[in-house]
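Summary of structural features
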Amino acid sequence: MQLTPVIALHMGTALAALAIGPIALWARKGAVQRPRLHRAAGYLWVVLMVVTAISALFIRDYQLPNIGGYTPIHLLVPFTLFSLCGAFWYLSRKNIVGHRKTMQQLYFGACVVAGAFTLLPGRYLGQLVWGQWLAAYLPA
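Residues numbered from 1 in each chain as written. Predicted model: local features only at pLDDT ≥ 70, side-chain atom pairs only at ≥ 80, totals over all residues. Heavy atoms only, no water.

The next thing to look at is the packing of helix α1 (residues 5–26) against helix α2 (residues 35–56). Running from N to C, α1 and α2 point in directions that differ by 155°, and their axes come no closer than 8 Å. For the element pair α1 / α2, the angle class is roughly antiparallel. α2 is crossed by α1, and the crossing has left-handed handedness. Across the interface between the two elements, Val 6, Leu 9, His 10, Thr 13, Ala 14, Ala 16, Ala 17, Ile 20, Gly 21, Ile 23, Ala 24 and Trp 26 from α1 touch Leu 37, His 38, Ala 41, Gly 42, Leu 44, Trp 45, Leu 48, Met 49, Val 51, Thr 52, Ser 55 and Ala 56 from α2. Of the residues contributing to the contact of α1 with α2, the split by class is 17 nonpolar, seven polar and no charged. (Axes fitted to C-alpha atoms, helices over the stretch in contact; angles between N-to-C directions. Helix = DSSP H or I, 4+ residues; strand = E, 2+ residues; numbered from the N terminus. Parallel < 35°, antiparallel > 145°, perpendicular 65-115°, else oblique. Left-handed = near helix turned anticlockwise from the far one by under 90°. Contact = heavy atoms within 4.5 Å. Nonpolar A, V, L, I, M, F, W, Y, C, P; charged D, E, K, R; others polar.)

So this is what it looks like as structure tokens:
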């Protein structure tokens, strides 16, 4: 596998979502609330997650166990899209607790856990990080 434009887009939006997610979550915590920052970072995070999820549909891996090139990690695509819809549904019902829990779970599941799975040695990003980048800096 090689770094294609779709993979670069997917990685870029995923990494940006990983970085911006905590800002959106933090802006509504603690004694000082930052609703404008929360809303701006939150909407940006949602757009990044939608692009990440949709771009994943165009990335296929025929080496790992798959169905038509879709591996088990692709199950995060519907999970992400349905969770985002659910989070906004909670907001429309003024259920802030449901919105918060959904967004926290989505951040953890789709950004942190999925990110960890992409770093496994058999996956493209795992091979890139462990096999090429770190190997270049480790003594032989």
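The structure having been displayed, the exposition proceeds.
Turning our attention to unusual backbone geometry. Phi at Lys 94 is positive, roughly 60°, even though this residue is not glycine. By secondary structure assignment, the location of Lys 94 is in the loop between α3 (76–92) and α4 (96–118). The exposure class of Lys 94 is exposed, given its relative accessible area of 70%. (Buried < 20%, exposed > 50% of the residue type's maximum accessible area, 1.4 Å probe, protein only.)

The topology assignment puts Thr 80 in helix α3. Setting aside residues no more than four positions away along its own chain, Thr 80 makes contact with Met 49, Ala 53, Leu 106 and Ala 110.

Together, Val 6, Ile 54, Leu 57 and Phe 58 make up a nonpolar patch on the protein surface, roughly 350 Å² of accessible area in all. Along the polypeptide, Ile 54 turns up in helix α2. (Patch = residues over 30% accessible without salt bridge, like charges linked within 9 Å, V, L, I, M, F, W, Y side chains within 5 Å. Areas by Shrake-Rupley, 256 points an atom, 1.4 Å probe, with all protein chains shown as cover. Salt bridge = Lys/Arg side-chain N within 4 Å of Asp/Glu carboxyl O.)

Moving on to α1. The terminal C-alpha atoms of α1 lie 32 Å apart, and with 22 residues this matches the ideal 32 Å at 1.5 Å per residue to within 8%. Its axis deflected by about 30° at Ile 20, α1 carries its strongest bend there, up to four residues before the proline Pro 22. Listed in full, the buried residues belonging to α1 are Ile 7, Thr 13, Ala 17, Ile 20, Gly 21 and Ala 24. (Expected span 1.5 Å × (residues − 1). Bend = angle between axes of the 7 residues up to and from the residue.)

As for its position among the elements, Thr 102 is in helix α4. Thr 102 gets classed as buried once you look at its relative accessible area, which sits at 14%. Setting aside its immediate chain neighbours within four residues, Thr 102 contacts Ser 83, Ala 87 and Tyr 90.

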